[in-house]
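# Examination of the molecular architecture
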Amino acid sequence: MNYVIIGNSVAAVGAVEGIRKIDKVNPIVIISDEPYHTYSRPLISYYLAGKVTQDNMYYRGKDFYKANNVEPILGVKAQHIDFDKKEVVLEDGRKISYTKLLIATGSKPLTPPIEGVEKQNVFNFIKLDDAKAIEKVATRDSKAVVIGASFSGLKAVEALVQRGVNVTVIDIMDRIMPRVFDETASSMALKMLEKYEAKVLLKTSVEKILGHQAAIGVLLKDGREVPCDFIVLAAGVRCNTDLVKGTKLKINRGIIVDTMMRTNIPDVYAAGDVAEGYNFIEERNTEIPIIPNAYKQGETAGQNMAGAQKIFDKGFIMNSMPLLDLSIVSAGVSAPGEGITVKTIYNQEKNTYKKFYIRGNNLVGYLLINDIDRAGIYTDLIRRKIDISSFEHQLGRDDFGFIYLPKALRSQLILEG
Ligand SMILES: Cc1cc2nc3c(=O)[nH]c(=O)nc-3n(C[C@H](O)[C@H](O)[C@H](O)COP(=O)(O)OP(=O)(O)OC[C@H]3O[C@@H](n4cnc5c(N)ncnc54)[C@H](O)[C@@H]3O)c2cc1C
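Now for a look at the structure at hand. In this text, all values refer to a predicted model and were calculated from it rather than measured experimentally. (Residues numbered from 1 in each chain as written. Predicted model: local features only at pLDDT ≥ 70, side-chain atom pairs only at ≥ 80, totals over all residues. Heavy atoms only, no water.)

### Regarding the overall build of the protein chain
Along its length, the protein chain carries 9 helices and 26 strands. Scaling as 2.2 N^0.38, a compact globule of 417 residues should have a C-alpha radius of gyration of about 22 Å, and the protein chain matches this with 23 Å. The dimensions of the protein chain, computed from C-alpha atoms along their principal axes, are 70 × 60 × 40 Å. Looking at the protein chain as a whole, 52% of its 417 residues are labelled buried. Long-range contacts, defined here as pairs at least 24 residues apart, represent 60% of the contacts in the protein chain between residues at least 6 apart. For the protein chain, the exposed area adds up to about 19,100 Å²; of that, 49% sits on carbon and sulfur atoms. (Helix = DSSP H or I, 4+ residues; strand = E, 2+ residues; numbered from the N terminus. Rg over C-alpha atoms; globule rule 2.2 N^0.38 Å. Buried < 20%, exposed > 50% of the residue type's maximum accessible area, 1.4 Å probe, protein only. Contact = heavy atoms within 4.5 Å. Areas by Shrake-Rupley, 256 points an atom, 1.4 Å probe, with all protein chains shown as cover.)

### Focus on the site of the ligand
For the ligand, the set of nearby residues contains 33 residues, the closest of which are Ser9, Asp33, Glu34, Arg41 and Lys127. Within the contact set of the ligand, an oxygen atom lies 3.2 Å away from a backbone nitrogen or oxygen of Val10. A distance of 2.5 Å is found between an oxygen atom of the ligand and a side-chain nitrogen or oxygen belonging to Asp33. Only α1 (10-22), β2 (28-32), α7 (291-305) and β22 (318-323) provide two or more residues apiece to the shell around the ligand. (Near = heavy atom within 4 Å. Polar contact = N/O pair within 3.5 Å; in protein donor to acceptor, adjacent residues only side chain to side chain.)

### Examining the sheet that holds strand β13 (residues 206-210)
In spatial order, the strands read β13-β14-β15; together these 3 strands make up an open sheet with antiparallel pairing. Each end of this open sheet is capped by a strand with a single partner; those strands are β13 and β15 (225-227). Sheet twist, expressed as the average angle between the axes of neighbouring strands with direction ignored, equals 20°. Where β13 and strand β14 (residues 217-220) come together, 4 bridges link them in antiparallel fashion. Bridging across to β14, Val206 finds its partner in Leu220. (Pairing = 2+ DSSP bridges. Axes fitted to C-alpha atoms, helices over the stretch in contact; angles between N-to-C directions.)

### Regarding empty space enclosed by the protein
Per the counting criterion, the structure on display carries 1 cavity of 30 Å³ or more. Counted as a void, the largest cavity has a volume near 60 Å³. Taken together, Pro109, Phe125, Ile126, Ser152, Leu233, Ala234, Ala235, Gly236 and Val237 make up the lining of the largest cavity. Counted by class, the lining of the largest cavity contains 7 nonpolar, 2 polar and no charged residues. (1 Å grid on protein atoms, 1.4 Å probe; cavity = no way out; pocket = protein on both sides within 12 Å on 5 of 7 lines; lining within 4 Å. Points joined across faces, edges and corners; volume = space filled by probe spheres on them. Nonpolar A, V, L, I, M, F, W, Y, C, P; charged D, E, K, R; others polar.)

### Some details on the packing of α1 against α7
Between α1 and α7, whose axes approach to 6 Å, the crossing angle comes to 35°. Where α1 crosses over α7, the two elements pack in a sense that is right-handed. Here Val10, Ala11, Val13, Gly14, Ala15, Glu17, Gly18, Ile19, Lys21 and Ile22 of α1 come into contact with α7, specifically with Ile291, Ala294, Tyr295, Gly298, Glu299, Gly302, Gln303 and Met305. (Left-handed = near helix turned anticlockwise from the far one by under 90°.)

### Looking at the nonpolar core
Within the largest apolar cluster, 51 residues are counted, with the highest numbers of intra-cluster contacts made by Ile5, Ile31, Ile81, Phe83, Val88, Leu101 and Leu102. Of all the elements, α1 adds the most residues to this core, at 7 residues. With sequence-adjacent residues up to four places away left out, Ile5 is seen in contact with Ala12, Ala15, Val16, Ile19, Ile28, Val29, Ile30, Ile31 and Leu102. Judged by nonpolar contacts, the second largest core, of 46 residues, contains Leu128, Ala159, Ile176 and Ile369. (Core = buried A, V, L, I, M, F, W, Y, C linked by side-chain atoms within 4.5 Å.)

### Some words on the pattern of salt bridges
The tally for this structure, following the rule as stated, stands at 28 salt bridges. Salt-bridge contacts for Asp92 lead to Arg94; the nearest nitrogen and oxygen are separated by 2.8 Å. For Asp92, a relative accessible area of 43% puts it in the partly exposed group. Residues Lys208 and Glu115 are paired through a salt bridge, measuring 4.0 Å at the closest nitrogen-oxygen approach. Here Lys208 is found in strand β13, whereas its partner Glu115 is found in the loop between β8 (107-109) and β9 (122-123), with 93 residues between them in sequence. Here Lys208 falls in the partly exposed class, since its relative accessible area comes to 30%. (Salt bridge = Lys/Arg side-chain N within 4 Å of Asp/Glu carboxyl O.)

### Topic: the sheet that holds strand β6 (residues 95-97)
One open sheet holds the 3 strands; their spatial order is β4-β5-β6, and the pairing between them is antiparallel. If you trace the sheet from one side to the other, it starts and ends with β4 (78-82) and β6, each paired once. In this sheet, neighbouring strand axes are inclined to one another by 25° on average, regardless of whether the strands run parallel or antiparallel. Here 4 bridges tie β4 to strand β5 (residues 87-90), and the two strands are oriented antiparallel to one another. Counterpart to His80 in the pairing with β5 is Val89.

### A short note on α1
End to end, α1 covers 19 Å across 13 residues, agreeing with the expected 18 Å (1.5 Å per residue, within 8%). Within α1 the residues assigned to the buried category are Val10, Ala11, Ala12, Val13, Gly14, Ala15, Val16, Gly18, Ile19 and Arg20. Where α1 is buried, its residues touch β1 (3-6), β2, α3 (64-67), β3 (70-74), β7 (100-103) and α7. (Expected span 1.5 Å × (residues − 1).)

Laid out in structure tokens, this is it:
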């Protein structure tokens, strides 16, 4: 009996810890094309900002592999999986056989179809190596263009601004973080970015990257040119299914898994950003590309690979994001839709914003800006599908808490812990 895990990030760590809850003995091999000890991906923006060193970024201590009897094969890509022979073929020709396999290959950046996107000084922003490459060119007073006012684009902006780089962010949409932000939230972020002298160009797109070998600027669809020394692409991410495309493994946007993280092939599991698992709020399988989900899916897969019968069916999107002066937390549904009532509370004076998405008698999503202390309570209401009809009108109170819940419900929650 042996376990093989492709990937060395959150889902992989969850799987190792899941396996070791049940099986303390049989060996585990981890394969990763990144050469590093497992690290926390969100910290790449703090690394670029100079706030953490590589040594502070590790997701688990230096003895993690040894303590868990894991053989790490790092800096080598898995090139092919032979599901019939139960073998993973590495790019250097080695073949690693498995009894149980976990695919945890995460997500990959989307490359927008822009002329010149292959030029030097055009970077993604998803891996530690991306941050290291950007670090070399992001000198004080240099000029950067960030394509995409998405979550990772704005984390790049934050880091670059803190390095003293002059940044211009460009997005085709009419607002910042369009998947989560509405007009109000976007205008709060725009005001804050203005304070840090980051320029934001919305409702326009990049037609061409200018320069011979290296990027020296961008040409916009509306004819304007923005000169720069380097470009960061942040046009979104996709499940990284490259390794298994065209095989008999069932894929939609991600690898389709059941609530035990099993794929359609016996003894093959998938977890984390690469998987399309059960989304508790949407009540269907979706990608859920966040750390808590990757960990829980990985842990569930690991336990089941070792013989348990664990189910994880509580995944949903939740994100907590400090962005320069703004504290942002969002969870669940993030756009109006059929059957959803939206309630908003904007306090201009305090510069706070709360937005709630309610379906029937349940809270199914929220966005909080600069007033995030109650995020845990709101998340609990979502996760436990609590009937909020009797206290819905209290949700937005500054002092909202369990005290506003009906007594019977409070006692029930205390008992459940
Ligand atoms: C800038 C940034 C900020 C983020 N901030 C947050 C945040 O604040 N909160 C949050 O919850 N989430 C955040 N995320 C998302 C979070 O990092 C991911 O959800 C999480 O890392 C997913 O873990 P994973 O194990 O599924 O995959 P990944 O972390 O993507 O790791 C997959 C690994 O597999 C490797 N791999 C891929 N293919 C192969 C192959 N063929 N052979 C060998 N190895 C391979 C990859 O190189 C990679 O090392 C952020 C992401 C980024 C990029």
